[in-house]
Structure formats: C-alpha cells, structure tokens
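Examining the three-dimensional arrangement
Below are the chains, spelled out letter by letter.
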Amino acid sequence: MTKQITILGSTGSIGVQTLDVARMHHIRVWALTANRRIDLLEQQAREFQPELVAVLDKECAKRLRIALSDTTIQVLDGEEGILAAARYEKADTVVNAIVGVAGLKPTLEAIHAGKNIALANKETLVAAGKIVKAAVREAGVQLYPVDSEHSAIFQCLQGCPDNALKKLILTASGGAFFGKKRKDLMNVTVKEALQHPNWSMGSKITVDSATMMNKGLEVIEASWLFDVSDEQIDVLIHRESIIHSMIELKDHAVMAQLGVPDMRIPIQYALTYPQRLSSPVKELDLSVIATLTFSRPDTETFECLPICRQALRKGGLFPAVANAANEAAVQLFLEEKISFLEIPEIVGNTVARWNGHRDILYPEEILAADQEVRSAISR
Ligand code: NAD
Ligand code: MG
C-alpha cells in the first residue's frame, strides 16, 4: 500500500473512520487538520506521526503547539494553516472530511497542487460543482466520492459503457422523522433530530438527514459527479440503508451496491480504487435482514428535497444559496434559536427571494453569496 494522504477534518466522524482505514492498511498520513478539538487531534498526531497539523482556531492551535512541543510535528493555525495542509507536498491524495462550504477553498487548493481528492465534503460540490469539476479537469487529478450513495453509484458504474446509463436511483433512509407529517414536527427537539436510525454522523449532516436536505444536497452532488440532470436522478426511501444506491441502464437492467451501513467501505474504496482490500466492516447477512423495503419520499412534509431540485434546475449560484441558507438555519436550530420546521422555511424563502446573477466564474462569487445569505439569516 503506497498511498500518501492528508485528512482535512480528521477529528470528525468521517475523519476518524478514515484514520481507521489508514491504520488497517498502513496508509501514510502526512497532515491532519481540525477546527478546535485539539485533545483528539493530539492523540491522532502522536499515533500517526504526520509532519504537519493545522487547527483553524488560533487559541487552540497555540495550546496544541505546546502539547506537541516534545515532537517535531509542525502546528499551523487559521485558514492559511488548513490550506498549507491541503497542499502539503508529500501527500498524493487529500481526504476532505470538513463539514460545510468551509471545505471549498481547501479542496481547490489541493486540486491546484495536483492532489487526488477523496471527497466527503458534499457542500463543496453543491456550491461550486462547476468550478471544482473544471479545476479537476485542468489539473488532471481524480475526484473520488466518499458519500455512500455516490460511492455506490461509482462502484456500479465500473465496467459500464459511457452512454449506457439511463438514471441514478439514490436511496434515502428517511432520517429521524420518517413517516411523520408537518403537524408532528412542530415541536421536535434537537435531541430527537439527532437520532438517526442507521448511521452515526456529525450533527449537521444528521439534522440534514432529518429534514431530507441531505438527500437534496446529494441530488445536486450526483448531478456534478456523474454529469446527469435532475430528471435522471430518482430518490427512493429505503429504511434499512442496505442498498446504498442503484443505477438503471438503457436496457432497464438495474445495478445496486449493498452492504451493512458503515462508511469505512466507501472511504476505503476511495483510497484504494480500483483495488478491493480486506475490511473490518461486518459481512452483510441478508438472511438476517430478511426484508428490504422501498417507498417514495414525502416531499410535502420534507420540502428541502424539492427545494434543492429547484435550485439545481435554476443553476448558477442557486445551489450555493440553498446550501448557505441551510448551513445557517441548521446552526440556529442546533443552538435552539429556531424550530425544526423553520429550517425548510428559511431555505425555501431564501431560494425564492434570491435574484443574484446566474453564471459563476470564480469561487469568490460563491463565498460572497454564501456570506450574504448567512448574514441575512443570523440572529
Ligand atoms: P463532523 O462534524 O463529525 O466533522 C467535521 C470535521 O470538520 C471536524 O474535524 C471539524 O474539526 C472540521 N471542521 C468543522 N468546521 C470547520 C471549518 N470551518 N474549517 C475547517 N475544519 C472544520 O462531520 P462529518 O459527519 O464527519 O461530515 C463531514 C463531511 O462529510 C460533511 O460534508 C458531511 O456531509 C459528509 N458526509 C458525512 C458522512 C458521515 O457518515 N458522517 C457521510 C456522508 C457524507
Ligand atoms: Mg450520503
């Protein structure tokens, strides 16, 4: 195993599971970054001996520098520190496990430095798919999906001729509030929204699953990754999260990727593609699961999904605007400043009222629109 990686966001749910994969397959880790959880970052640094760690929060970085003063590990801080980790010369692949559009600049920095990208950070593709895809093409690097649905589709597409694809079928667990109607959702709490049936993930994406914004973001992510339109992407509720997604081909053959819900399969595939290596993930025993169920999503109750489709069809800055509104609204919900149902309301109103220009050329335009939306929502 000769992979040389950097992990952006190593202290999060995906970051920790990426280190599990690295540990198992002796993948060399050169740089790690975090927002502020320096206790865990210190522990990771001592185990994996990267040459560089970066912490966004400068105060936390100062404390980590002292804690690691008995080592030769360099500790950088701020956005510049994260960017230095993203372009760190010894890595050939950067795993982006940062949450939110904060991952955009580091992704572009890594691409411009010639790194392959294993991308968990879906918000980057949602907000800036066009720019990221152009940068990937120009730099001649590879972009591997880590999101389980997109990894499933990528796996199903192996060996499939270029023009054979008819549509994608993204599966969705339905999140914490599957089966509920708007009246049942008026007073739901943060704690209830954070109870995902099948996956243990960071708090932002868990709330996104509860509102189904996550599936909306994934529709947009899929459109960029696989070059398909909104009409070519179906969403299917599949409560068990065993089928991670499917593709339908022109002859109506359907290919699916199955497995127990464990992110270490898609993470490992993104790092070892096209090889299949052994894994600590449990084997799937369908005789125990016995039943797999499917249904259509309830888009009247879970409005974020149709709002994202609308943003995708409008194009330009609209997906970035929907994403920014959602990031701001989820933050307010987690701080208990707004109710659960205000999340789709804020995202919907923001998209409906946005009349910025349509085509995007530069990442700065996306980040400016992102800031404008966030400050309009902050309270
Ligand atoms: P998390 O909240 O557990 O971790 C986020 C990581 O990013 C942490 O290391 C944190 O320190 C860092 N971070 C946060 N804000 C930052 C900022 N402004 N600048 C730099 N670093 C920052 O999140 P997660 O659940 O691991 O999700 C990470 C990404 O992967 C998200 O985009 C999510 O949608 C996607 N994803 C996650 C899962 C999952 O199972 N957790 C599955 C599919 C996709
Ligand atoms: Mg997913």
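Residues numbered from 1 in each chain as written. Chains lettered and ligands numbered in written order. Predicted model: local features only at pLDDT ≥ 70, side-chain atom pairs only at ≥ 80, totals over all residues. Heavy atoms only, no water.

This part takes up the overall build of the protein. For the protein, the helix and strand inventory stands at 17 helices and 11 strands. Here the C-alpha radius of gyration of the protein, 20 Å, is about what a compact globule of 379 residues would show, namely 21 Å. Principal-axis analysis of the C-alpha atoms places the extent of the protein at approximately 55 × 50 × 40 Å. When burial is assessed residue by residue, the protein has 56% of its 379 residues classed as buried. Long-range contacts, defined as pairs at least 24 residues apart, comprise 67% of the intrachain contacts of the protein with a sequence gap of at least 6. For the protein, the accessible area works out to roughly 16600 Å², and carbon and sulfur atoms hold 50% of it. (Helix = DSSP H or I, 4+ residues; strand = E, 2+ residues; numbered from the N terminus. Rg over C-alpha atoms; globule rule 2.2 N^0.38 Å. Buried < 20%, exposed > 50% of the residue type's maximum accessible area, 1.4 Å probe, protein only. Contact = heavy atoms within 4.5 Å. Areas by Shrake-Rupley, 256 points an atom, 1.4 Å probe, with all protein chains shown as cover.)

Taken as a class, soluble globular proteins show a tendency for nonpolar side chains to be buried jointly. Within the largest apolar cluster, 125 residues are counted, with the highest numbers of intra-cluster contacts made by Val53, Val132, Leu168, Phe340, Ile343 and Ile366. Looking at which element gives the most residues to this core, the answer is helix α15 (residues 318-334), with 11 residues. No fewer than three residues from each of domain 1 (4-145) and domain 2 (164-260 + 288-378) sit in this core. Discounting residues that sit within four places of it in the chain, Ile343 has contacts with Val207, Thr211, Asn326, Ala329, Val330, Phe333 and Ile338. (Core = buried A, V, L, I, M, F, W, Y, C linked by side-chain atoms within 4.5 Å. Domains from an automatic or database assignment.)

Attention shifts here to the site of ligand 1. What surrounds ligand 1 is a group of 22 residues, the closest being Thr11, Ser13, Asn35, Glu123 and Gly202. Taking Gly9, its main chain carries an N or O atom lying 3.1 Å from an oxygen atom of ligand 1. Here an oxygen atom of ligand 1 and a side-chain polar atom of Thr11 are 2.7 Å apart. Considered on its own, ligand 1 offers 840 Å² of accessible surface; in the complex 88% of this is hidden by protein. A class-by-class count of the residues in the shell around ligand 1 yields 11 nonpolar, eight polar and three charged. No fewer than three residues from each of domain 1 (4-145) and domain 2 (164-260 + 288-378) sit in the shell around ligand 1. (Near = heavy atom within 4 Å. Polar contact = N/O pair within 3.5 Å; in protein donor to acceptor, adjacent residues only side chain to side chain. Nonpolar A, V, L, I, M, F, W, Y, C, P; charged D, E, K, R; others polar.)

What follows covers the side chain of Arg264. Among the secondary structure elements, Arg264 is positioned in helix α12 (residues 264-272). When residues no more than four places from it in sequence are discounted, the contact partners of Arg264 are Gln17, Asp20, Val21, Pro280 and Val281.

Below, the discussion takes up the domain arrangement of the protein. Domain annotation of the protein identifies domain 1 (4-145) and domain 2 (164-260 + 288-378). On a C-alpha basis, the centroid separation for the pair domain 1 and domain 2 is 25 Å. Each side of the interface is counted separately: domain 1 has 19 residues, and domain 2 has 25 residues. Along the contact surface separating domain 1 from domain 2 lie two salt bridges. Of the charged contacts in the structure, one is a salt bridge between Glu218 and Lys122, with a shortest N-O distance of 2.9 Å. (Salt bridge = Lys/Arg side-chain N within 4 Å of Asp/Glu carboxyl O.)

Moving on, we get to the environment of Asn35. By the element assignment, Asn35 lies in the loop between β2 (28-34) and α2 (38-48). The sequence separation of Asn35 and Leu56 amounts to 21 residues, and the corresponding C-alpha distance is 4.8 Å. Asn35 has contacts with Val55, Leu56 and Asp57, leaving out every residue within four places of it along the chain.

What follows covers the sheet that holds strand β4 (residues 74-77). Overall, parallel pairing links the seven strands, which are arranged β4-β3-β2-β1-β5-β6-β7 in an open sheet. Only two strands of the sheet have a single partner each, and these edge strands are β4 and β7 (143-145). Averaged over all adjacent pairs, the angle separating strand axes in this sheet is 20°, with direction ignored. Note: β2 against strand β3 (residues 52-55), four bridges, orientation parallel. Counterpart to Leu32 in the pairing with β3 is Val53. Running at roughly 165° to strand β1 (residues 4-8), helix α1 (residues 13-25) makes contact with β1, β2 and β5 (93-96) of the sheet. (Pairing = 2+ DSSP bridges. Axes fitted to C-alpha atoms, helices over the stretch in contact; angles between N-to-C directions.)

In this section: the pairing of strand β11 (residues 254-258). The pairing of strand β10 (residues 243-249) with β11 spans five bridges and is classified as antiparallel. Its bridge partner being in β11, Ser245 is matched across the sheet by Gln257. Adjacent in sequence and paired antiparallel, β10 and β11 are bridged by four residues, among which His252 carries a positive phi angle near 70°.

Glancing now at the sheet that holds strand β9 (residues 233-237). Pairing is mixed in the open sheet, where four strands are placed in the order β9-β8-β10-β11. Looking along the sheet, the strands with just one partner apiece sit at the ends: β9 and β11. Within the sheet, the average angular offset between the axes of one strand and its neighbour, ignoring direction, is 20°. Note that strand β8 (residues 165-172) and β10 share four bridges and pair antiparallel. Within β10, the position partnered with Ile169 by the bridge is Met246. Strands β8 and β9 of the sheet are contacted by helix α11 (residues 213-226), whose axis makes an angle of about 150° with β8.

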